[in-house]
Each structure stands twice: as C-alpha cells, then as structure tokens.
Amino acid sequence: MKTYVADPKIARKWYLKKRKTYKTYKIGMAVMWGALCLIFILDLSFLLRAEGIEQLGEILLLCIGADILPGIAAVLGYVLIKAGGLEFLMRRPSEKCIFDKESFTLEYIPEPGSREREPRNYNLIRHRILYRDIQSVDYEEELGRITIHGMHTILKYYQTKDFKKYADTQTTTLPFSVFCRYPDFDELKDELMALEQANLPDGYSQVSSSQK
C-alpha cells in the first residue's frame, strides 16, 4: 500500500502563483494602487495647505473625510486580488491518496460548513475506485488537477450521538479529481496516469514498477 498526503502549504503556493493569471488580480491591483495613490495625493495637498501646526487637527479631519471613498475602493481592490484562484486552496483539514492492491482511494475530511457535511455531519469521505474500473485519467496542467473517470464508490462516514459509526454508500460514474497539493505530485500523477492502461491489479503492478 502506498499513501500520499496533501500539504496545505503547497496548495497555498499554487494559489499565489495562479491568482496572478486571473483578470480579477489585474483589476484589483489597478484599483487598489490607484486608490492608494489618490489617498496620498489628497493627504499631501491638505498638508501643504496648512499654515501652521495649530491647523494640524483640522487638516487630519479633512484627510480622514476625503480618504473614505478611495479607502473603500482600495479595500475592494484588495478583495479582488485575493479572489482569483481560491479553488486551489486546501480547506479540508486532511486529504490523502491511497494505492492498495486492487484500488485507488481519495480520502479526506470535508471542510467544516461545506455541503459535503450534510445531511449527517459526515466526518470522513472516501472515493474508492477499482483499478479495473478506471476508464480514463485526465491531467489538466493549467488547473493543476487529475480527473479520474469510471464507476466508483463514495463512502461517507458519520457518528451517531451514541458514538456508533456508520457509512452511507453511493455508487456513481461521476468523475472525481485530485489537485496538486502533494509534495510528490508528479509521482502521484504518473501513478494515476498508468492506471488508465491497467485493467487488472497485476497489470497495474507491472506498469507501475516499470516506471520506477
């Protein structure tokens, strides 16, 4: 069995890199710096008009009043800068990929407050697919994700008030994705891409071992 564990720090680095490619980042930078420059010009003009230190309090009040609107614009620009690429961040408390003898599993603790918690306050989710059921594996470099297609099982674990543990099980053909949040993401990607050619566990073992 082989396990890969996701790292939130890697996800954040990817987010910081990718958000710069979004239009919201460029617009946000222009709005924020434009507003800050306007604030500087307004405040400087008021200060230059001061005839003495006794007017300093009055000037500061004028500066505060004049800075409100451009200050709001600067905050909105900052929000736009941060908004692009949020999907790359890792909000899940834990995530890992597991290769065992006959299947691949994506396991994670769902984000608090997310829809994946409902309706039973699920505390662990597993997407498990047998190697022989994998139809295709797509790698989208720009999105930093690997998407797996094929019939697989989703297990949603929860605990009742009397501390008994259960799992809701669902079989689906909807694809699921693994994002670039792993220290050995390239190795993980190669392993998953190899699965596309493997119909049986033994066949997968031969393909996988030939790449190492």
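This section reports on the structure supplied with the text. Since the structure is predicted, the reported quantities are computational estimates derived from the model, not experimental observations. (Residues numbered from 1 in each chain as written. Predicted model: local features only at pLDDT ≥ 70, side-chain atom pairs only at ≥ 80, totals over all residues. Heavy atoms only, no water.)

On to the sheet that holds strand β3 (residues 103–109). The sheet built from six strands is open, its strands ordered β1-β2-β3-β4-β7-β8 with antiparallel pairing. Strand pairing shows two members of the sheet lacking a second neighbour, β1 (2–5) and β8 (165–172), which therefore form its edges. Geometrically, the sheet is characterised by an average inter-axis angle of 20° between neighbouring strands, direction not taken into account. (Pairing = 2+ DSSP bridges. Helix = DSSP H or I, 4+ residues; strand = E, 2+ residues; numbered from the N terminus. Axes fitted to C-alpha atoms, helices over the stretch in contact; angles between N-to-C directions.)

Empty pockets left among the atoms are what a rolling probe the size of a water molecule brings to light. Taken as a whole, the largest pocket holds about 260 Å³ of empty space. If you trace the largest pocket, you find 14 residues lining it, with Arg92, Glu111, Glu116, Phe179 and Arg181 closest to the centre. Put simply, the parts of the chain that give the lining of the largest pocket at least two residues each are β3 and β9 (176–179). Looking at the lining of the largest pocket element by element, the count peaks at three residues for β9. Grouping the constituent residues of the lining of the largest pocket by class yields five nonpolar, three polar and six charged. (1 Å grid on protein atoms, 1.4 Å probe; cavity = no way out; pocket = protein on both sides within 12 Å on 5 of 7 lines; lining within 4 Å. Points joined across faces, edges and corners; volume = space filled by probe spheres on them. Nonpolar A, V, L, I, M, F, W, Y, C, P; charged D, E, K, R; others polar.)

Another point: the packing of aromatic side chains. To describe a pair of aromatic rings, one takes the distance between the centres and the angle between the planes. Counted according to the given criterion, the structure contains seven aromatic pairs. For the pair tyrosine 4 and phenylalanine 99, a centre-to-centre distance of 5.8 Å together with 75° between the ring planes defines the contact as edge-to-face. With tyrosine 4 in strand β1 and phenylalanine 99 in strand β2 (residues 94–99), the pair connects residues that are 95 residues apart, well separated along the chain. Classification of phenylalanine 99 as buried rests on a relative accessible area of 4%. On the numbers, 6.4 Å between centres and 10° between planes, the contact of phenylalanine 104 with phenylalanine 176 is stacked. Here phenylalanine 176 lies in strand β9 and phenylalanine 104 lies in strand β3, a separation of 72 residues in the sequence. (Phe/Tyr/Trp six-rings, centres within 6.5 Å; stacked < 30°, edge-to-face > 60°. Buried < 20%, exposed > 50% of the residue type's maximum accessible area, 1.4 Å probe, protein only.)

Enumeration according to the criterion identifies eight salt bridges in this entry. The salt bridge partner of arginine 92 is glutamate 95, with a shortest N-O separation of 3.0 Å. With a closest N to O distance of 2.8 Å, arginine 181 and glutamate 95 form a salt bridge. Here arginine 181 is found in the loop between β9 and α4 (185–195), whereas its partner glutamate 95 is found in strand β2, with 86 residues between them in sequence. With a relative accessible area of 6%, arginine 181 lands in the buried category. On the basis of relative accessible area, glutamate 95 is assigned to the buried category, the value being 2%. Through salt bridges with shared partners, one network takes in Arg92, Glu95 and Arg181. (Salt bridge = Lys/Arg side-chain N within 4 Å of Asp/Glu carboxyl O.)

It is worth spelling out the side chain of histidine 127 at this point. Mapped onto the elements of the fold, histidine 127 is located in strand β4 (residues 124–130). Here histidine 152 takes part through its side chain, which lies 3.5 Å from a polar atom of the side chain of histidine 127. Aside from chain neighbours lying at most four places away, what touches histidine 127 is Phe104, Thr105, Leu106, Tyr108, His152, Thr153, Ile154 and Phe176. (Polar contact = N/O pair within 3.5 Å; in protein donor to acceptor, adjacent residues only side chain to side chain. Contact = heavy atoms within 4.5 Å.)

This paragraph deals with the nonpolar core. If you look at the biggest cluster of nonpolar residues, it comprises 29 residues, and the most contacted ones within it are Phe104, Val178, Tyr182, Leu188 and Leu192. Tallying contributions element by element places α4 first for this core, with four residues. Apart from the residues within four sequence positions on either side, leucine 192 is in contact with Phe99, Phe104, Val137, Ile146, Ile148 and Val178. With five residues, the next largest nonpolar core counts Tyr25, Met32, Ala35 and Ala74 among its residues. (Core = buried A, V, L, I, M, F, W, Y, C linked by side-chain atoms within 4.5 Å.)

None of the figures reported here should be taken as evidence of function without further support.
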